[in-house]
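Overview (structure and organization)
Spelled out from the first residue to the last, the chains are:
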Amino acid sequence: MRFRLAGRAAAVGLAAVLALAACGGSDPETTAAAAPGGAGGPEKTQLTIGALPIPDSAALYIADKRGFFAGEGLTVKIEPIQGGAQAQQSLLGGSLDATQTNYVSTFLAVSAGNKMKIISDLYQATPNSFNLMVAKDSPIKTPADLKGKKVAVNSLKNIGTLAVTSVLKTHGLTAEDVQFLEFPFPDMAGQLEKGVVDAAWMTEPHLTAAATKIGAQKLADTMTGPTADFPIAGVIVTEKFVNENPKTVAAFQRAVAKAQQIAASDRKAVEEILPTYTKIDAATAAVITLGTFPTSLDETRLQRVADLMVEQGYLKSPIEAKTILPGANG
């Protein structure tokens with residue numbers, strides 16, 4: 001596969017997605033990969049994809065429900081996961097072909113020597129889409145009060161800990177001033193209510209559910225300042241998978257691109273799909289705060305994640321985002 005991003009500001013739009021499979025940029029057989037079972041069809045037709053039960057993965061479920069995967073000759077099984085870091089182990093172990101994951105976990109995995117590629121962008125933060133929450137009658141009133149306290153995140157050393165640390169920094173604290181504990185998103189409200197943790201980093205639909213069911217209160221929006229409009233999650237595969245299955249990857253990308261366009265332009269479509277894979281009802285889905293659904297892979301946007309990780313000490317040396325996009329070597 002050989003497509004190049006034109007500079008740091010280049011966005012890999014839908015046209016690039018459609019051309020991704022072209023090994024020389026002009027192979028008509030590869031470009032016509034949508035022919036299921038034909039010469040240009042996908043190399044691998046049965047795929048298992050990891051996904052969290054949160055809005056980030058809406059396009060995957062839309063693509064499945066509306067037959068976009070089937071239209072590309074793919075049969076996709078979507079497996080629930082707890083977090084991107086855990087799912088990456090399944091990816092490397094071979095039980096997943098691809099997985100939704102947060103970008104912090106992706107860059108960390110790459111820095112550890114794992115060869116991975118981001119093949120689709122899924123989700124970007126908006127105000128109040130990722131908040132620190134505390135119990136109804138908590139004495140904690142500002143992030144500065146979290147010193148020595150326990151904070152729930154869905155995975156250690158991921159987008160949650162990075163975002164919380166960014167908030168702590170603005171209030172004179174560091175990551176070492178709190179204790180991060182791992183819990184799946186659906187369990188966090190219960191841990192808050194029981195006092196097992198003092199605060200929880202939550203996203204929708206769990207934010208609204210926690211506020212409604214246990215009276216949880218917002219302590220801070222973690223997507224402000226350095227993390228405003230922050231890139232959150234995408235779909236990754238191993239570099240080996242990309243090299244061995246270029247037509248499969250291109251077929252998958254086309255299907256997700258169609259679904260992502262729907263998610264980006266039609267909130268109702270997202271509201272309708274959420275109750276099918278999350279533990280919320282239609283009424284809750286209608287009022288939750290959603291992030292945005294990017295319709296292109298933007299190298300510059302993804303670079304923000306790597307740069308903040310260097311600043312906060314998550315990465316010992318810089319990583320260029322373009323090196324983990326399809327078509328880039330290394």
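First, a word on scope: everything that follows refers to the structure included in this document.

Definitions and cut-offs
Residues numbered from 1 in each chain as written. Predicted model: local features only at pLDDT ≥ 70, side-chain atom pairs only at ≥ 80, totals over all residues. Heavy atoms only, no water. Phe/Tyr/Trp six-rings, centres within 6.5 Å; stacked < 30°, edge-to-face > 60°. Helix = DSSP H or I, 4+ residues; strand = E, 2+ residues; numbered from the N terminus. Buried < 20%, exposed > 50% of the residue type's maximum accessible area, 1.4 Å probe, protein only. Pairing = 2+ DSSP bridges. Axes fitted to C-alpha atoms, helices over the stretch in contact; angles between N-to-C directions. Contact = heavy atoms within 4.5 Å. Core = buried A, V, L, I, M, F, W, Y, C linked by side-chain atoms within 4.5 Å. Parallel < 35°, antiparallel > 145°, perpendicular 65-115°, else oblique. Left-handed = near helix turned anticlockwise from the far one by under 90°.

1. Observations concerning the packing of aromatic side chains
With the rule as written, the count across this model stands at six aromatic pairs. Aromatic pair Tyr61 and Tyr277: ring centres 3.8 Å apart, planes at 5 degrees, arrangement stacked. Pair noted here: Tyr61 is in helix 3 (residues 58–65) and Tyr277 is in helix 12 (residues 267–277), with a separation of 216 residues, a long-range link. Taking the centre distance of 6.2 Å and the plane angle of 70 degrees together, the rings of Tyr123 and Phe130 count as edge-to-face. By the burial criterion, Tyr123 is buried, and Phe130 matches it. Three or more aromatic residues link up through ring pairs in this structure, and these residues are Tyr123, Phe130, Phe185, Trp201 and Phe293.

2. Side note on the sheet that holds strand 6 (residues 130–134)
Taken in spatial order, the five strands line up as 8-7-9-6-10 in an open sheet, and their pairing is mixed. Each of the sheet's edge strands pairs with one partner strand only, and the pair in question is strand 8 (179–182) and strand 10 (217–221). Averaged over neighbouring strand pairs, the angle between their axes works out to 35 degrees when direction is ignored. Pairing analysis gives four bridges linking strand 7 (residues 150–153) to strand 8, with the strands arranged parallel. Within the sheet, the bridge partner assigned to Ala152 lies in strand 8 and is Leu181. Those strands touched by helix 9 (residues 206–214) are strand 6 and strand 9 (199–203), and its axis lies near 130 degrees from that of strand 9.

3. Here we look at the nonpolar core
Counting residues in each nonpolar core, the largest one holds 103 residues, and the members touching the most others are Leu60, Phe107, Trp201 and Phe252. Per element, the largest residue contribution to this core is eight residues, and it comes from helix 11 (residues 246–265).

4. A word on the side chain of Thr165
Take Thr165: it is sitting in helix 7 (residues 159–170). In this view, Thr165 contacts Ala175, Phe180, Gln312 and Tyr314; residues no more than four positions away in its chain are not counted.

5. Description of unusual backbone geometry
Glu204 connects to Pro205 through a cis peptide bond whose omega is 5 degrees. Mapped onto the elements, Pro205 comes out in the loop between strand 9 and helix 9. The backbone phi angle of Lys157 is positive, close to 55 degrees, even though this residue is not glycine. The backbone of Asp229 shows a phi angle near 55 degrees, a positive value even though the residue is not glycine. Along the chain, Asp229 falls in the loop between strand 10 and strand 11 (231–238). Residue Asp229 is classed as partly exposed on the basis of its relative accessible area, which comes to 40%.

6. Looking at helix 9
Along helix 9, the residues classified as buried are His206, Leu207, Thr208, Ala209, Ala210 and Ile214. Lining the buried residues of helix 9 we find strand 6, helix 8 (188–194), strand 9 and helix 13 (282–285). The positive-phi residue at the C-terminal boundary of helix 9 is Gly215, with phi of around 70 degrees.

7. What to know about the packing of helix 3 against helix 11
One can describe the packing of helix 3 onto helix 11 by two numbers: an axis separation of 8 Å at closest approach and a directional angle of 110 degrees. When the interaxial angle is binned, helix 3 and helix 11 end up roughly perpendicular. Here Ala59, Leu60, Ile62 and Ala63 of helix 3 lie close against helix 11, whose contacting residues are Phe252, Ala255, Val256, Ala259, Gln260, Ile262 and Ala263.

8. Brief notes about the sheet that holds strand 3 (residues 75–80)
Reading across from one edge, 3-2-4-11-5 is the order of the five strands in this open sheet, with mixed pairing throughout. Each edge of the open sheet is held by one strand with a lone partner, namely strand 3 and strand 5 (116–124). On average, adjacent strands in this sheet sit at an angle of 25 degrees to one another, irrespective of strand direction. In this sheet, strand 11 lies alongside strand 5 in antiparallel orientation, the contact comprising seven bridges. Each residue of the ladder has a partner; that of Asp121, found in strand 11, is Gly234.

9. Here we look at the environment of Gln86
Residue position: Gln86 is located in helix 5 (residues 84–93). Judged by its relative accessible area of 27%, Gln86 is partly exposed. In sequence terms Gln86 and Thr101 are 15 residues apart; their C-alpha atoms lie 9.2 Å from each other. Those residues in contact with Gln86 that sit more than four places away from it in its chain are Asn154, Ser155 and Glu182.

10. Observations regarding the packing of helix 5 against helix 6 (residues 103–111)
Relative to each other, helix 5 and helix 6 sit at 45 degrees, their axes nearing to 9 Å. Considering the angle they form, helix 5 stands oblique to helix 6. You can see that helix 5 and helix 6 cross each other, and the crossing is right-handed. On helix 6, the residues that touch Gly84, Ala85 and Gln88 of helix 5 are Ser105, Thr106 and Ala109.

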